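A look at the structure
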Amino acid sequence: MNRTVTFVIGTTASGKTTFIKNHFSDNRNTVILNIYDYQQAAYKEAGFGKHIPFRQEFKCLYKANENLLVDIIKTLQEGKDVVVEQTLYKAKRRIAYIDAIRNAVENIYIEVYVMCPSDSAWNTYINERKLDSSIQQLKSIAKEIDFPNPSEGFDKIYEVIDGNIGLRMDAPKPEIVDAAHKELSEEAQQMKQEEDKEKQRLELLESMNSRRFWHYCEICGAKTFCTAQEAFEAGWDYPPRIGYFGLLGPRTCGKCTLNDTLFIKVHQQAIPIVIEKTLTEKELQTWRRIKNEPESLLEEEK
Ligand SMILES: [Zn+2]
């Protein structure tokens with residue numbers, strides 16, 4: 001028997017959850033998956049609460065989309081139908097999903113319902129949920145949605161206006177498929193490069209525990225090429241044993257005291273931040289070296 005994947009897409013407060021509850025919740029052989037659960041899990045895994053840096057947010061959403069796709073395919077392979085509550089505003093995201101699903105499972109029927117509420121329905125949703133968003137805000141987000149096109153690989157596309165379901169198969173636009181594939185592969189490549197860079201940086205930081213690197217005393221100018229353990233035993237104040245690479249702290253040999261360090265100077269200021277124009281040439285050199293750690297400690301300074 002053919003398995004079915006049903007996508008229900010639309011903005012926040014467009015009625016996706018209610019629609020799914022009304023039409024799909026009775027079938028025991030149907031599993032309902034919701035992108036929000038996956039997004040929350042991805043944020044949690046990344047260690048973020050409410051404030052997420054933009055680039056990290058993109059990565060979390062990307063990861064959530066990937067994990068959801070894995071579960072869709074797994075559920076289909078277990079012989080069940082899947083209903084997916086998703087945002088999927090962009091044709092390329094839907095194409096990525098459809099390609100992966102069709103590659104993994106044969107004879108799959110894929111349909112999509114697009115929530116297109118009227119203004120009055122939207123107002124009701126907003127009031128019911130006590131959302132901060134205005135109808136204008138939601139409409140401007142809704143405009144970002146590329147209406148699904150049959151060329152994306154859907155068997156059926158439905159427009160849902162206030163609970164009324166209408167089939168809407170626009171004229172095919174085969175050109176969107178190649179464009180989507182190109183964008184998706186560029187995006188995946190970029191994501192991979194960033195991951196590699198992060199991995200390399202972690203490996204470098206890890207290696208600083210055991211490798212030899214240059215230790216520079218900011219007071220007397222002594223320098224030595226040794227391991228963190230050797231420096232620690234010789235009385236150096238230096239990361240990774242004392243303080244953190246890249247963060248202002250004392251960088252001193254075993255003979256010098258902390259009194260004249262840049263760290264102490266900055267912390268005696270009213271506001272303890274480094275103001276480069278108040279630094280001497282020597283302090284500036286120390287500060288630049290610290291900012292570029294650990295890379296700045298790998299090769300001897302000329
Ligand atoms: Zn010294």
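Model, not experiment: these values are computed from the prediction. (Residues numbered from 1 in each chain as written. Predicted model: local features only at pLDDT ≥ 70, side-chain atom pairs only at ≥ 80, totals over all residues. Heavy atoms only, no water.)

**Some points on helix α10 (residues 281-291)**
Listing the buried residues of α10 in full gives E283, L284, T286, W287, R289 and I290. Close packing links the buried residues of α10 with β7 (213-216) and α9 (262-267). (Buried < 20%, exposed > 50% of the residue type's maximum accessible area, 1.4 Å probe, protein only. Helix = DSSP H or I, 4+ residues; strand = E, 2+ residues; numbered from the N terminus. Contact = heavy atoms within 4.5 Å.)

**So, the environment of L297**
Within the fold, L297 resides in the segment after α10. On the basis of relative accessibility, which here comes to 0%, the residue L297 falls in the buried class. Measuring from C-alpha to C-alpha, the distance between L297 and R212 comes to 9.3 Å, with 85 residues separating the pair along the chain. Leave out the neighbours within four places in its chain, and L297 touches F213, W214, Y216, Y238, F245 and R289.

**Remarks on the layout of surface pockets**
If you add up the space inside the largest pocket, you get close to 630 Å³. Contributing to the lining of the largest pocket are 23 residues, with L61, Y62, N65, L88 and R93 lying nearest its centre. Among the elements of the structure, α2 (35-46), α3 (54-77), α4 (91-104) and α7 (175-207) are those that each provide at least two residues to the lining of the largest pocket. Here the element with the most residues in the lining of the largest pocket is α3; it accounts for 6 residues. Broken down by class, the residue content of the lining of the largest pocket amounts to 13 nonpolar, 5 polar and 5 charged. Estimated volume of the second largest pocket: approximately 320 Å³. Along the walls of the second largest pocket sit 14 residues, with K59, C60, K63, M191 and E195 positioned nearest its centre. Taken together, the elements giving at least two residues each to the lining of the second largest pocket come down to α2, α3 and α7. (1 Å grid on protein atoms, 1.4 Å probe; cavity = no way out; pocket = protein on both sides within 12 Å on 5 of 7 lines; lining within 4 Å. Points joined across faces, edges and corners; volume = space filled by probe spheres on them. Nonpolar A, V, L, I, M, F, W, Y, C, P; charged D, E, K, R; others polar.)

**Looking at the coordination of the zinc ion**
Bound to the zinc ion on the protein side are C217 (SG), C220 (SG), C253 (SG) and C256 (SG), at distances that span 2.3 to 2.4 Å. Taken together, the 4 donor atoms surrounding the zinc ion define angles of 106 to 115 degrees at the centre, an arrangement classified as tetrahedral. For C220, a relative accessible area of 48% translates into the label partly exposed. Take C253: its relative accessible area is 6%, and that puts it in the buried class. (Donors = N, O, S within 2.8 Å, 3.2 Å for Na, K, Ca; no water. Tetrahedral: all angles 85-135°; square planar, octahedral: opposite > 155°, others 65-115°.)

**So, the side chain of Q39**
The topology assignment puts Q39 in helix α2. Residue classification places Q39 among the buried positions, given a relative accessible area of 13%. Residues in contact with Q39, not counting those within four places in the same chain, are L61 and A64.

**Observations regarding α3**
The first and last C-alpha atoms of α3 sit 35 Å apart over 24 residues, in line with the 34 Å expected at 1.5 Å per residue. Directly after α3, the chain includes G79, whose backbone phi takes a positive value near 90 degrees. (Expected span 1.5 Å × (residues − 1).)

**Topic: the UniProt feature "coiled-coil region" (unreviewed entry) in the protein**
When the UniProt feature table is mapped onto this chain numbering, "coiled-coil region" (unreviewed entry) sits at residues 177-208. The span residues 177-208 is 97% helical and 0% strand by assignment, and the distance between its end C-alpha atoms comes to 47 Å. (UniProt positions renumbered as here; feature names shortened; annotations may be inferred.)

**A closer look at the pairing of strand β5 (residues 156-161)**
Two strands pair when backbone bridges link them, and strand β4 (residues 108-115) and β5 are joined in this way by 5 bridges, in the parallel orientation. Within the sheet, the bridge partner assigned to Y113 lies in β5 and is Y158. With 4 bridges joining them, β5 and strand β6 (residues 164-167) adopt antiparallel strand pairing. Of the residues in β6, the one forming a bridge with I161 is N164. The turn joining β5 and β6, which pair antiparallel and follow one another in sequence, is formed by 2 residues; a positive phi near 50 degrees is taken by D162. (Pairing = 2+ DSSP bridges.)

**Thoughts on the domain arrangement of the protein**
What the domain assignment lists for the protein is domain 1 (3-196) and domain 2 (213-297). If you average the C-alpha positions of domain 1 and of domain 2, the two centres end up 51 Å apart. (Domains from an automatic or database assignment.)

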